[in-house]
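Summary of the model geometry
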Amino acid sequence: MNFQDLENQHTSGLYAKRPLTIVRGQGARVWDEQGREYIDCVAGHGVANIGHSHPKVVRALSEQAARLITCPEMFYNDTRARLLARLGTLVPGMTRVFLCNSGTEAVEAALKFARYSTGRSGIVAAMRGFHGRTMGALSATWNKKYRAPFQPLVPEFHHVPYNKPAALEAAVTDHTAAVLLEVVQGEGGIHPADAAFLETAQAVCRERGALLIVDEIQSGMGRTGKMFAFQHYDLQPDMVTLAKGIAGGVPMGAVLLGERVADLKPGIHGTTFGGNPLAAAAALATLEVMEEENLPQRAASTGAYFLERLQAIQSPLIREVRGLGLMIGVELKRKVAPYIQALMDQGVLALPAGLTVIRFLPPLVISRAQVDQVVEALQSVLTE
Ligand SMILES: *Cc1c(COP(=O)(O)O)cnc(C)c1O
């Protein structure tokens with residue numbers, strides 16, 4: 001059967017497809033129908049942090065599936081209770097957790113909780129920022145391509161330049177419910193925040209009664225060399241949004257809630273699948289794997305090695321190599337699409353971030369030998 005024709009006939013049409021059918025994955029590698037192997041630096045857009053089909057997650061899912069798949073949060077559940085306890089002790093002072101099913105839902109919830117807590121409606125977000133595609137999260141997202149067809153969006157969202165503390169300070173008023181920022185901008189081109197920018201954001205939020213929400217959907221779960229990217233800075237956010245890597249590939253989102261978030265009353269928000277036992281079992285196993293295999297530390301050391309090797313590439317096409325841990329961007333002086341295709345032909349899957357950045361978000365378990373292969377493939381496609 002030709003799966004590509006089949007998908008093309010019935011897909012929504014929303015996704016720019018690559019001509020590759022992935023049927024299997026293990027660790028940092030995936031395989032197509034013909035058994036051809038690829039090093040996966042897409043990892044489901046930075047989802048497969050612990051590697052594809054980790055045996056611990058496979059076991060947790062199959063055991064949980066055989067016992068109980070669904071259970072709404074109106075009832076208690078053993079697996080969910082254990083997950084909440086684990087998530088609720090990751091960051092000091094963030095003991096409460098809201099569970100949902102995707103990144104955009106986590107952002108949407110955080111925006112609602114900020115309005116509910118402060119009684120205010122303004123949101124300050126950053127230019128180049130990406131926060132998801134539902135109407136609230138989309139209103140915080142910067143790229144015109146995503147926003148323009150869907151106007152009018154939610155009012156009172158303001159965008160300030162990233163890493164410009166003075167502009168942020170000027171935008172936060174006593175109508176601001178929250179400042180929402182990525183710690184490393186992902187879709188926007190892999191831009192890590194300056195410490196002064198985040199520290200100003202926190203200070204201004206506290207001074208003016210707004211909440212600081214950090215979006216760790218892409219940068220969290222060990223990706224940048226710490227469990228959360230904000231932990232590289234002197235920061236205590238009021239909410240942290242999570243998704244992507246949180247459940248080993250199974251859909252899940254979460255919001256960690258700090259002490260400045262009001263008590264959330266029954267009924268003001270919710271979702272049917274939130275905290276379902278199957279996703280909870282996967283997330284619990286994922287968190288255990290991250291700890292047992294020291295994956296944040298591994299991301300730090302492999303990421304430093306990867307960055308160093310990329311920076312050593314001599315090519316007039318490269319404008320800049322930047323990143324934090326295993327969240328890495330190579331900015332070219334021209335459009336990256338043909339280079340990403342050429343990398344695929346060489347057995348390496350990579351992502352664009354905007355038009356001119358090649359983005360690498362490999363599983364954190366990627367080996368140095370695999371990093372070497374990726375770097376050599378890049379070197380060869382840039383000199384062809
Ligand atoms: C991917 C992403 C989202 C949206 O997550 P979805 O699960 O696709 O809705 C939000 N914020 C950031 C920083 C992301 O990278």
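Check the entry above for the structure.
Residues numbered from 1 in each chain as written. Predicted model: local features only at pLDDT ≥ 70, side-chain atom pairs only at ≥ 80, totals over all residues. Heavy atoms only, no water.

Further remarks concern the overall build of the protein chain. A count of helical and extended segments in the protein chain gives 13 helices and 17 strands. Its C-alpha atoms give the protein chain a radius of gyration of 21 Å, near enough to 21 Å, the size a compact globule of 384 residues would have. Seen along its three principal axes, the alpha-carbon backbone of the protein chain occupies a region of about 55 × 55 × 45 Å. Within the protein chain, the fraction of its 384 residues that count as buried is 54%. In the protein chain, the proportion of contacts linking residues at least 24 apart, taken out of those at least 6 apart, comes to 71%. Counting every atom, the protein chain has about 17,000 Å² of accessible surface; 54% of that belongs to carbon and sulfur. Side chains of the protein chain give 37 positive and 36 negative charges; the mean places of these two sets differ by 3 Å. (Helix = DSSP H or I, 4+ residues; strand = E, 2+ residues; numbered from the N terminus. Rg over C-alpha atoms; globule rule 2.2 N^0.38 Å. Buried < 20%, exposed > 50% of the residue type's maximum accessible area, 1.4 Å probe, protein only. Contact = heavy atoms within 4.5 Å. Areas by Shrake-Rupley, 256 points an atom, 1.4 Å probe, with all protein chains shown as cover. Lys, Arg positive; Asp, Glu negative; His and termini not counted. Charge placed at Lys NZ, Arg CZ, Asp CG, Glu CD.)

The next subject is a nonpolar patch on the surface. Taken together, the side chains of Met1, Phe3 and Leu6 make up a nonpolar region of the molecular surface, amounting to roughly 340 Å² of accessible area. In this structure, Leu6 sits in helix H1 (residues 3–10). Given a relative accessible area of 37%, Leu6 falls into the partly exposed group. (Patch = residues over 30% accessible without salt bridge, like charges linked within 9 Å, V, L, I, M, F, W, Y side chains within 5 Å. Salt bridge = Lys/Arg side-chain N within 4 Å of Asp/Glu carboxyl O.)

The full set of residues close to the ligand is Ser102, Gly103, Thr104, Phe130, His131, Gly132, Glu182, Asp215, Ile217, Gln218 and Lys244. Between the ligand and Gly103, the relevant distance is 2.8 Å, taken from an oxygen atom to a main-chain nitrogen or oxygen of the residue. Note that an oxygen atom of the ligand is positioned 2.6 Å from one of the side-chain N or O atoms of Lys244. Burial of the ligand by the protein chains amounts to 81% of its free accessible area of 380 Å². By residue class, the composition of the shell around the ligand is two nonpolar, six polar and three charged. (Near = heavy atom within 4 Å. Polar contact = N/O pair within 3.5 Å; in protein donor to acceptor, adjacent residues only side chain to side chain. Nonpolar A, V, L, I, M, F, W, Y, C, P; charged D, E, K, R; others polar.)

Using a probe with the size of a water molecule, rolled over the atoms, empty space left in the structure can be pinpointed. Approximately 530 Å³ is the volume attributed to the second largest pocket. Along its surface, the second largest pocket is lined by 23 residues, and Glu73, Leu84, Val97, Phe98 and Leu99 are the ones closest to its centre. Of all elements in the fold, only helix H4 (78–87) and strand S4 (96–100) reach the threshold of two or more residues within the lining of the second largest pocket. No other element matches S4, which puts four residues into the lining of the second largest pocket. (1 Å grid on protein atoms, 1.4 Å probe; cavity = no way out; pocket = protein on both sides within 12 Å on 5 of 7 lines; lining within 4 Å. Points joined across faces, edges and corners; volume = space filled by probe spheres on them.)

Take the packing of helix H11 (residues 295–311) against helix H13 (residues 368–383) next. Remark: H11 packs on H13, axes separated minimally by 10 Å, with the N-to-C direction vectors making an angle of 25°. When the axes of H11 and H13 are compared, the pair comes out roughly parallel. In terms of crossing hand, the pair formed by H11 and H13 is right-handed. In contact with Ser301, Thr302, Tyr305, Phe306, Arg309 and Leu310 of H11, H13 contributes Arg368, Val371, Asp372, Val374, Val375, Glu376, Leu378 and Gln379. Looking at the contact of H11 with H13 residue by residue, the classes come out as seven nonpolar, three polar and four charged. (Axes fitted to C-alpha atoms, helices over the stretch in contact; angles between N-to-C directions. Parallel < 35°, antiparallel > 145°, perpendicular 65-115°, else oblique. Left-handed = near helix turned anticlockwise from the far one by under 90°.)

Turning to the side chain of Thr21, a few remarks are in order. Checked against the element boundaries, Thr21 lands in the loop between H1 and strand S1 (22–26). The buried category is assigned to Thr21, whose relative accessible area is 14%. At a separation of 2.9 Å, a polar atom in the side chain of Thr21 contacts the side chain of Gln4. Discounting chain neighbours no more than four positions away, the residues touching Thr21 are Phe3, Gln4, Trp31, Asp32 and Glu33.

This brings us to the packing of aromatic side chains. Enumeration over the complete set of coordinates arrives at five aromatic pairs. Note on Phe130 and Tyr146: the rings are 5.6 Å apart at their centroids and 75° apart in plane angle, and the pair reads as edge-to-face. Of this pair, Phe130 sits in the loop between strand S5 (122–126) and helix H6 (135–140) while Tyr146 sits in helix H7 (residues 144–147), placing them 16 residues apart in sequence. Note on Phe228 and Phe230: the rings are 6.1 Å apart at their centroids and 5° apart in plane angle, and the pair reads as stacked. Phe230 shares its class with Phe228; the two are buried. In this structure, Arg24 is placed above the aromatic ring of Trp31, and the distance from its NZ or CZ to the ring centre is 4.1 Å. (Phe/Tyr/Trp six-rings, centres within 6.5 Å; stacked < 30°, edge-to-face > 60°. Lys NZ or Arg CZ within 6 Å of the ring centre and 35° of its normal.)

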